[in-house]
Amino acid sequence: DNDKFKGIMKSQPTIVFEDKQSILVKLSKAKIKTICLRGLHNEEIQESNSLIKIADFKDNEINNAFNKLLGKKVYQTLNRITKSDLFFNKLTAVIFFVLFKFKPIVLHRENIIIDDNSAVVIAPNHRRTLDPVIITSIVNKNIHWMALKRFFDKSDSIFNNNKNSILCKITSACFKKLEYFPIERLMDNTNANNLQSLKDVNLFLKNKQYIGIFPEGTTNKSNTDDFGDFDSTFIKIAQKNNAYIQPITIFWSKDNQVIVNIGSLLDVSQITVEEAYDKYITIQKKQLNENKLIIENSSNF
């Protein structure tokens, strides 16, 4: 029982299902949200703000318990996350195809650390519309990307901006099922309002999800500029939600070979936005130089 309780505490669960009285007492004292199947062996346990008893596992019983313990908004968010992850798990063949077709060169793969108890803001530079597909396939994790609203409106596709109606519909459907967040730029609509998407981003990060943000705001297709202008909003979002930032530098050659350089996680909780921004830019410039060296020294280019 002691080992089980320690394991529960270490995993930082959102909800625990438990019916053993001795463990329920400890969970109650630790204020861990718990759902208990009512029985004679635990009838002395009293309900509280963190412990709900149920008679059976019927949907209405479970749903009511979740709503009471988590609140309606959080429960709805967790449902969205779960459905999104289930859809992502069905895309194994797509991920395999992407990695097989593009054969990305991945530098510092060891910096990919999947931690279900931490929120992470994935923050790459942006060169092509396929960047999120490449990065998601490498990380092999459902990253919820912020993307331009036109992709959700079926007016553009992620397939190199091909306007084919079928590709646009596929893009829109996948973005919605994967719980991406539509963002509209002021340059596209002077009345742009992204408040709901920003609220959703905050909710997802508070529930320990991975969010993808391109700080450049658009694809940098210049052949001369290494980077566009990075907006520091992604740092503020990370700080607000106690999330790490993972810098990623992506580089495409003229022959469509892609290099993805994974930076180590940045903890920005105890530094200013300016300090975090300087660290991020320093990493991006260093990793870009590494990518260029790979290009220069590779016989494939």
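Residues numbered from 1 in each chain as written. Predicted model: local features only at pLDDT ≥ 70, side-chain atom pairs only at ≥ 80, totals over all residues. Heavy atoms only, no water.

(A) Broad picture of the sheet that holds strand S7 (residues 181-183). One open sheet holds the seven strands; their spatial order is S4-S10-S9-S5-S8-S6-S7, and the pairing between them is mixed. The open sheet is flanked by strand S4 (105-107) and S7, the only strands paired with a single partner. Strand after strand, the sheet turns through a mean of 25 degrees between neighbouring axes, direction not considered. Of the strand pairs in this sheet, strand S6 (residues 143-148) and S7 are connected by three bridges, and their pairing is parallel. Following the sheet pairing, Leu148 is matched in S7 by Ile183. The sheet strands contacting helix H11 (residues 273-297) are S4, strand S5 (120-124), strand S9 (244-252) and strand S10 (258-262), and the helix crosses S9 at an angle near 30 degrees. (Pairing = 2+ DSSP bridges. Helix = DSSP H or I, 4+ residues; strand = E, 2+ residues; numbered from the N terminus. Axes fitted to C-alpha atoms, helices over the stretch in contact; angles between N-to-C directions. Contact = heavy atoms within 4.5 Å.)

(B) The arrangement of the sheet that holds strand S2 (residues 34-37) in detail. Ordered in space as S1-S2-S3, the three strands form an open sheet in which the pairing is parallel. Only two strands of the sheet have a single partner each, and these edge strands are strand S1 (16-17) and strand S3 (51-54). Two elements, S2 and S3, share four bridges in a ladder whose sense is parallel. Its bridge partner lying in S3, Thr34 is registered against Leu51. Those strands touched by helix H3 (residues 59-70) are S1, S2 and S3, and its axis lies near 170 degrees from that of S3.

(C) How the structure looks around the nonpolar core. Of all hydrophobic cores here, the largest spans 33 residues; its most connected members are Ile122, Ile134, Ile135 and Val260. For this core, the secondary-structure elements that each account for two or more residues are helix H4 (72-89), helix H5 (92-102), S5, helix H6 (131-139), S6, helix H7 (149-152), S9 and S10. Apart from residues lying up to four places away in sequence, Ile134 is in contact with Val98, Phe102, Pro104, Ile250, Trp252, Val258 and Val260. Core analysis: the next-biggest nonpolar cluster, separate from the first, contains 32 residues, Ala119, Phe227, Ile237 and Ala276 among them. (Core = buried A, V, L, I, M, F, W, Y, C linked by side-chain atoms within 4.5 Å. Buried < 20%, exposed > 50% of the residue type's maximum accessible area, 1.4 Å probe, protein only.)

(D) Focus on helix H8 (residues 165-177). If you check H8, its first and last C-alpha atoms are 18 Å apart, about what 13 residues at 1.5 Å a residue would give, namely 18 Å. Along H8, the residues that are buried comprise Cys168, Thr171, Ser172 and Phe175. Taken around the axis of H8, the buried residues stretch over an arc of 95 degrees, which confines them to a single face. Within H8, the exposed residues directed more than 90 degrees away from the buried face are Ile166 and Lys169. Where the residues of H8 are buried, they touch S6 and H7. (Expected span 1.5 Å × (residues − 1). Arc of directions from axis to C-beta.)

(E) A look at the pattern of salt bridges. This model, assessed by the stated rule, comprises 10 salt bridges. The partner of Lys141 in a salt bridge is Asp116, with the nearest N and O atoms 3.4 Å apart. Residue Lys141 is located in the loop between H6 and S6, and its partner Asp116 is located in the loop between S4 and S5; the two are separated by 25 residues in the primary sequence. Overall, the relative accessible area of 56% leaves Asp116 in the exposed class. (Salt bridge = Lys/Arg side-chain N within 4 Å of Asp/Glu carboxyl O.)

(F) Just the pairing of S5, in detail. The element S5 is extensively covered by neighbouring structure, given that five of its five residues are classed as buried. Alternating residues of S5 divide into Val120, Ile122 and Pro124 and Val121 and Ala123, and every residue in both groups is buried. Bridge count for S5 against strand S8 (residues 210-212) is three bridges, and the pairing is parallel. Note that in S8 the partner of Val121 across the bridge is Ile211.

(G) A nonpolar patch on the surface, seen in detail. Together, Phe159, Ile166 and Ile170 line one region of the surface with nonpolar side chains, adding up to about 270 Å² of accessible area. Inspection of the secondary structure assignment puts Ile170 in helix H8. Owing to a relative accessible area of 38%, Ile170 belongs among the partly exposed residues under this scheme. (Patch = residues over 30% accessible without salt bridge, like charges linked within 9 Å, V, L, I, M, F, W, Y side chains within 5 Å. Areas by Shrake-Rupley, 256 points an atom, 1.4 Å probe, with all protein chains shown as cover.)

(H) Focus on the pairing of S6. Burial of S6 is extensive: six of the six residues sit out of reach of the surface. Where S6 lies against S8, three bridges are found, and the strand directions are parallel. Across the sheet, the residue bridging to His144 is Ile211, located in S8.

(I) Summary view of the packing of aromatic side chains. In this structure the tally under the stated criterion is 13 aromatic pairs. Measuring from centroid to centroid gives 5.0 Å for Phe66 and Tyr75, while their planes differ by 10 degrees, and the two rings are stacked. For Phe66, a relative accessible area of 16% corresponds to the buried category. Among the residues examined, Tyr75 registers a relative accessible area of 12% and is labelled buried. Taking the centre distance of 5.2 Å and the plane angle of 90 degrees together, the rings of Phe181 and Phe204 count as edge-to-face. Here Phe204 lies in helix H9 (residues 195-206) and Phe181 lies in strand S7, a separation of 23 residues in the sequence. Aromatic rings pair up to connect Phe17, Phe57, Phe66 and Tyr75 into one cluster. Cation over ring: Lys101 sits above Phe102, and NZ or CZ is 5.7 Å from the ring centre. The ring of Phe100 is capped by Lys103, whose NZ or CZ atom sits 4.3 Å from the centre of that ring. (Phe/Tyr/Trp six-rings, centres within 6.5 Å; stacked < 30°, edge-to-face > 60°. Lys NZ or Arg CZ within 6 Å of the ring centre and 35° of its normal.)

All we've got here are geometric facts, nothing functional implied.
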